[in-house]
Structures are given as C-alpha cells and as structure tokens.
Amino acid sequence: MSATGEEKIHGSGSETSSIEQAEIHERPRGWRGIYYHPATQVCLVGFVCFMCPGMFNALNGLGAAGQLDATTSANANSALYATFAFFAFFSGSVHNVLGPRICLSLGTWGYSLYIASYLATNIHPGADVFIVVAGAILGVCAALIWTAEGSLMMAYPTEAQKGTFISYFWAIFNLGSVVGSSVAFGSNYNSTANKVGNGTYIVFLVLSLTGVVLPLFLADPYKMIRTDGTKVAPIRYPSWKTEFISLFVALQTDPWIVLLFPMFFASNYFYTWQFNDYNGALFNIRTRSLNNLVYWTAQIFGSFFIGHFVLDLRRFRRRVRAFMGWSIVVVLVFAVHLWSYYYQLTYTRTSDPPTAVKMDIHDPGYPAHVWLMIFYGLLDSMWQTTAYWLMGAMSNDPAKLAVFTGFYKCFQSAGSAVVWRLDAVQKPYMDIFISTWVLAAAGMICAFPLVYVRVKDHTEMDDEAL
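Criteria and cut-off values
- Residues numbered from 1 in each chain as written.
- Predicted model: local features only at pLDDT ≥ 70, side-chain atom pairs only at ≥ 80, totals over all residues.
- Heavy atoms only, no water.
- Axes fitted to C-alpha atoms, helices over the stretch in contact; angles between N-to-C directions.
- Helix = DSSP H or I, 4+ residues; strand = E, 2+ residues; numbered from the N terminus.
- Parallel < 35°, antiparallel > 145°, perpendicular 65-115°, else oblique.
- Nonpolar A, V, L, I, M, F, W, Y, C, P; charged D, E, K, R; others polar.
- 1 Å grid on protein atoms, 1.4 Å probe; cavity = no way out; pocket = protein on both sides within 12 Å on 5 of 7 lines; lining within 4 Å.
- Points joined across faces, edges and corners; volume = space filled by probe spheres on them.
- Contact = heavy atoms within 4.5 Å.
- Buried < 20%, exposed > 50% of the residue type's maximum accessible area, 1.4 Å probe, protein only.
- Salt bridge = Lys/Arg side-chain N within 4 Å of Asp/Glu carboxyl O.
- Patch = residues over 30% accessible without salt bridge, like charges linked within 9 Å, V, L, I, M, F, W, Y side chains within 5 Å.
- Areas by Shrake-Rupley, 256 points an atom, 1.4 Å probe, with all protein chains shown as cover.
- Phe/Tyr/Trp six-rings, centres within 6.5 Å; stacked < 30°, edge-to-face > 60°.
- Lys NZ or Arg CZ within 6 Å of the ring centre and 35° of its normal.
- Left-handed = near helix turned anticlockwise from the far one by under 90°.
- Expected span 1.5 Å × (residues − 1).

A.B. asks: Tell me about the packing of helix H15 (residues 318–344) against helix H18 (residues 429–453), and please be specific about residues and values.
C.D. replies: Between H15 and H18, whose axes approach to 10 Å, the crossing angle comes to 170°. Classified by the angle between their axes, H15 and H18 sit roughly antiparallel to one another. When the residues that make up the contact of H15 with H18 are grouped by side-chain class, the tally is 22 nonpolar, four polar and one charged.

So, in structure tokens, the structure goes:
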C-alpha cells in the first residue's frame, strides 16, 4: 500500500528515510476516516481542554480569580502546583498504565470542583480553605489531563505536521479561555466592584462540567494511523514497577531532555506577575476581564504563527526551523520584559492596594497597557508551542512522549508553586518580576545546546522508544 496523498502534501525528504523503515497501512475512509483522522482527534483533545483548563485559565487570568483579595487565590495556586509538580513526575507512567482516555476523564473533574469552590466562597464568605483544598485536588487531576494531552498531541502527527497540530490544539484550548473571558467581560461590564459576581462562576462551572464527558468520544490510540500511513506506536501496559523505572530510563537514554528543565520551570512562572501583579494590581474588574480576553485571543494567533509558519515551514530543514523558533522566542522574552520593567517601576504593593481606585478601559494610559497584555499572550503561546515541538522532535513514541510531558508538567508546576507562594506572602512586585525575567532568559539559554545538538532533521528509529 502506498502512502496517501496527504503524505505527499505534508511529507518532506528529510523524513522519508524514517517512514520507509515503518510498515505503511491504509487509512479508513468515509466518516470513519474523518473520525480516526489525527487532526480530528487532536481537535477533540483541544475541546476537552477548551472546557476545563480553558475555563481555569480564564478564571485565573482575571487576577485573584475574580476576587478582591489575591491572597486566597495565590495560596490555592501554590497548593495546586505543588501537588501538580509531585504527581506530574509520575503521571507519564500512570498514563501508560491507565491509557489517555481514562486519564482525561479523571482529570477533568478537578476543574469543576475548583471553579465551584469560588462560587461557594462568593455565596458563603469565609470558605477560603475550600478553595485551597480544591486547588490541591486539581493539581492531581491536572497532572493526568496534561500528560495524556501532551502524549496524544505529539504522537498523532507526522514529523512534518507537529508544529501545525500543536497550534491546532493551542488555538482550540485558548479559545476556551477567550469564551470564558468574554463571559466575564460581558457580565461585569457595568460592575463598579473589583470582583466578579456569582453568574460568572456559574457559567464557568457549567462549561467545565460539559468537558467531563468529552473524553468518552476519543478514539482508541491502537486504531490510529497517521496521514503518512504509519501506525501510532501502541501504548504499552507493563507493571507499575517497570513504568516507574522508565522515568529513570528516559533520563539515562535521552539525557538531553535535562536541558529543557529550566525552560519547563519558567513556562508558567510568569503567569503570577502577569495575572496578579499586573492585571490584578492595576485594573478594575471590567478592565481585567478585557485584558484577559485579548491575552488569550493573542495566544491563538501566536501559537498558529510559530507552529505553522515557522516550526513546520517545509522550505527549511527541521534543524533550521528549530533555530528560527528559538530565536523568535528569545527576542520576545527580552522585548516584552524590558517593556514590563518600565511599568513595574511606577507602582508597588503599597502604592496600589486592592482597595485603591484602579485603571479603567476609558483612561488615557490604558491602550499602551493593554498592548503589553497582547504581547505577553503572544510570548506565552510561542513559548509553550516551541517547548512541545522540541519534545516532539526527540521522539514519536507515545509512551516516551508521555514521560517527557510528565517531566514538563512537573517542573512547570514546581516553578508555579514557588512563585504563587511568593505572591501569597506579599513579596515585592519588583522581586517577582525580576525573578520572572531571569528565569525566562535562563530557560532559553539552557535550551540552546539541545537545539544545536539533539534536534535532527528527522527522528531516528533509536529515538522511537524508551
């Protein structure tokens, strides 16, 4: 059986040698061909994250999760990312035993509980402990959902499609945040308070509960055939002991992944300053909602740009594309943080307490401030897309990619746990900002040797498995 027409469209000479070593299968036709198409399945995973992590991001992006005082939100996020960091280190192994559909199904429940905790606190003030406990539970659930998502998103496309498929997912996922932010903006447009009402939380809760049932519609990975005719490597189900050992085997057989750990650590660290110490500190609730809306909208365009037009640009070899993507992210890191530093010099926790009069969308200085949020959205999406693409360039095996994704989420969450706690204990805004800038720059510098040495023009068969 010859490769399909899609192989001719998406394939490239650099990956032909690796394809020839694999058995080519005929893809299903008709409605089954649509349902079992890798792009369809990646988009379905995107809609799961649209409803659950998307609503979470829309809520967190409001600053203080839509509340007046950011302390409870910061403590909840610190608890969330502490448990996330711990369980994410093992979630790749758990995923390989339970499978992606079960992991996604179990993982979605935590988001509904977390959103419900804020609604409960709005109705019954003083239930702050519930929010922190819900955050800790969500950390466990998030480890499952993000490991399963990362494994499928990186395993289903061919080597020439990985950037495009990542951008598909990222666009749909962030569309959830856009929808959530639009709900918050519309429902709080006429509000004079600095916190959201019950209606906003109720809509978020209903949407997140919808996401709980979506994993049931995902296809069995065993039946998936890529567009070039190669089958997705079956996910192995060995003993728990063997799977936990695979964590250390992955580090031993592919030690270059360690160079991405600083990039992983910084990848959510910057959210604290963006959401609580900039958006939450300077703006009133309707302006925070609008900032949140444009931030997540920018993520859709940023991910698609770097994924489709840079990392999957077929006129260049994969190594060249890797350097192009890395360079763009580095330039954005320094440009955006220089811009932010100029604003951070103008306020402190003392000068802008939660009860102060905040900036509104009609104030003269607002347009320049909202553009910073837009560029932060672009930077975040390009950062995350590039990180996933680099991991995907190291292997095509779902089990190995699940372990890599577990590492990613482990270190990402560890960084988040640290910085959210720093924010909860009221560390100066400037200290948090400088640490954010330094870690972002260090993450990209440490990733450079991996880009230079480890990224090849096509994935070798030796890289396919643990």
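Right, picking up where we left off after that structure.
A.B. asks: Which residues make up empty space enclosed by the protein, and what are the values?
C.D. replies: All told, the structure shown has three cavities of 30 Å³ or more when counted by the stated rule. The space that makes up the largest cavity amounts to roughly 230 Å³. Along its surface, the largest cavity is lined by 23 residues, and Asn57, Tyr81, Trp146, Asn268 and Lys409 are the ones closest to its centre. Elements supplying a minimum of two residues to the lining of the largest cavity: helix H5 (53–60), helix H6 (71–98), helix H8 (128–155), helix H9 (162–187), helix H14 (285–311), helix H16 (366–392) and helix H17 (398–424). Split by residue class, the lining of the largest cavity holds 15 nonpolar, six polar and two charged.

A.B. asks: Go over unusual backbone geometry with me, naming the residues and quoting the values.
C.D. replies: The backbone phi angle of Gln426 is positive, close to 65°, even though this residue is not glycine. Locating Gln426 in the fold gives a position in the loop between H17 and H18.

A.B. asks: So what's going on with the environment of Tyr408? Which residues, and what values?
C.D. replies: Note on placement: Tyr408 falls in helix H17. In this structure, the C-alpha to C-alpha distance between Tyr408 and Phe265, residues 143 residues apart in sequence, is 7.9 Å. Those residues in contact with Tyr408, other than ones at most four positions away along the chain, are Phe264, Ser267, Gln384, Ala387, Tyr388 and Met391.

A.B. asks: I'd like a rundown of the side chain of Asn57, residues and numbers included.
C.D. replies: If you trace the backbone, Asn57 turns up in helix H5. Given the relative accessible area of 9%, Asn57 is considered buried. For Asn57, the contacting residues outside a window of four places in its chain are Phe173, Ser177, Asn292 and Trp296.

A.B. asks: Quick rundown of the pattern of salt bridges? Include the residues and the values.
C.D. replies: In total, this model carries eight salt bridges according to the counting rule given. Two residues, Glu159 and Arg318, come together in a salt bridge whose shortest N-O distance is 3.7 Å. On the criterion of sequence distance, the pair formed by Glu159 in the loop between H8 and H9 and Arg318 in helix H15 is long-range, its members being 159 residues apart. There is no split in this pair, since Glu159 and Arg318 are both buried. Between Asp360 and Arg286 there is a salt bridge whose closest N-O contact spans 2.9 Å. Within this pair, whereas Asp360 is found in the loop between H15 and H16, its partner Arg286 is found in helix H14, the two being separated by 74 residues in sequence. Residue class for Arg286 comes out buried when judged on its relative accessible area of 14%.

A.B. asks: Please set out a nonpolar patch on the surface residue by residue, giving values where relevant.
C.D. replies: Together, Tyr168, Phe304, Phe305 and Phe309 make up an exposed nonpolar region whose accessible area comes to about 350 Å². Ranked by residue count, the leading element in the nonpolar patch is H14, at three residues. Note that Tyr168 resides in helix H9.

A.B. asks: Quick one: what's the story with the packing of aromatic side chains, residue by residue and with numbers?
C.D. replies: All chains considered together, the criterion is met by 47 aromatic pairs. Aromatic pair Tyr81 and Phe84: ring centres 6.2 Å apart, planes at 15°, arrangement stacked. Linking Tyr81 with Phe84, this pair stays in helix H6, spanning three residues, or about one helical turn. Here Tyr81 and Phe84 have matching classes, each one buried. Between the aromatic rings of Tyr295 and Trp296, the centroid separation amounts to 4.8 Å while the plane-to-plane angle is 85°, which identifies the pairing as edge-to-face. Residues Tyr295 and Trp296 agree in their burial class; the two are buried. Feature note: the residues Trp146, Phe169, Trp170, Phe173, Phe261, Phe264, Tyr388, Phe407, Tyr408 and Phe411 constitute an aromatic cluster, connected by ring pairs. Here the basic side chain of Arg286 rests over the ring of Tyr189, its NZ or CZ set 4.8 Å away from the ring centre. The ring of Trp146 has Lys409 sitting right over it, with the charged end atom 4.2 Å from the ring centre.

A.B. asks: Could you give me a rundown of the packing of helix H4 (residues 38–51) against H9, with the residues and numbers involved?
C.D. replies: To characterise two packed helices, one gives the angle between the axes of the helices and the distance between these axes. The geometry of H4 relative to H9 is characterised by a closest axis approach of 8 Å and an angle of 25° between their N-to-C directions. As summarised for this structure, H4 and H9 are arranged roughly parallel, according to the angle between their axes. In this structure, H4 meets H9 at a crossing whose hand is right-handed. When H4 is examined against H9, the residues Pro38, Ala39, Val42, Cys43, Val45, Gly46, Phe47, Cys49 and Phe50 are found in contact with a partner set consisting of Phe165, Phe169, Ile172, Phe173, Leu175, Gly176 and Val179. Among the residues making up the contact of H4 with H9, the classes are represented as 14 nonpolar, two polar and no charged.

A.B. asks: Give me H4: which residues, what numbers.
C.D. replies: An ideal rise of 1.5 Å per residue puts 20 Å on 14 residues; H4 measures up with 20 Å between its terminal C-alpha atoms. Judged by how many residues are buried, H4 sits mostly within the fold: 10 of 14 residues are covered. Here H4 has its buried residues at Pro38, Ala39, Gln41, Val42, Val45, Gly46, Val48, Cys49, Phe50 and Met51. Considering only its buried residues, H4 is in contact with helix H3 (30–35), H5, helix H7 (100–123), H8, H9 and helix H10 (198–213).

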